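Residue-level structural notes
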Amino acid sequence: WVFKDENDEIVALSPVCKHLGCSVNWAGDENYPDQFYCPCHDGRYYKDGVNVPDTPPNAALDVYEYEVKEGTLHLGNAVERGGAQ
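Conventions used here
Residues numbered from 1 in each chain as written. Predicted model: local features only at pLDDT ≥ 70, side-chain atom pairs only at ≥ 80, totals over all residues. Heavy atoms only, no water. Core = buried A, V, L, I, M, F, W, Y, C linked by side-chain atoms within 4.5 Å. Buried < 20%, exposed > 50% of the residue type's maximum accessible area, 1.4 Å probe, protein only. Contact = heavy atoms within 4.5 Å. Pairing = 2+ DSSP bridges. Helix = DSSP H or I, 4+ residues; strand = E, 2+ residues; numbered from the N terminus.

Quick look at the nonpolar core
- Phe-3, Val-11, Leu-13, Cys-17, Val-24, Phe-36, Cys-38, Tyr-45 and Leu-61 together form the largest nonpolar core, which totals 9 residues.
- Excluding anything up to four places from it in sequence, Leu-13 contacts Trp-1, Phe-3, Phe-36, Lys-47, Asp-48, Gly-49, Leu-61, Asp-62, Val-63, Tyr-64 and Arg-81.

Listed below in structure tokens is the structure:
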């Protein structure tokens, strides 16, 4: 998932849930329209990719290294952000 945040900075998040590796989607549950949602086990993440407390994921979504060259976004490797946030 790639977007610009409120500071116009690029955010590039891995779509792989840190619980069991399923794919997360944006606003995938109508009860949580402003969160990433993993339908496998009701995992949730805030828009910045940090895991919602007391939901299955035990860590934030990985972030991609990136570079902008001549107006094109190039994604690198996904990097872990550590343990539970």
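Some thoughts on the sheet that holds strand 3 (residues 25-26)
- Strand order in this open sheet of 3 strands is 3-4-5, and the pairing throughout is antiparallel. Since the sheet does not close on itself, it has two edges, and those belong to strand 3 and strand 5 (43-45), each with one partner.
- Two elements, strand 4 (residues 36-38) and strand 5, share 3 bridges in a ladder whose sense is antiparallel. Within the sheet, the bridge partner assigned to Tyr-37 lies in strand 5 and is Arg-44.

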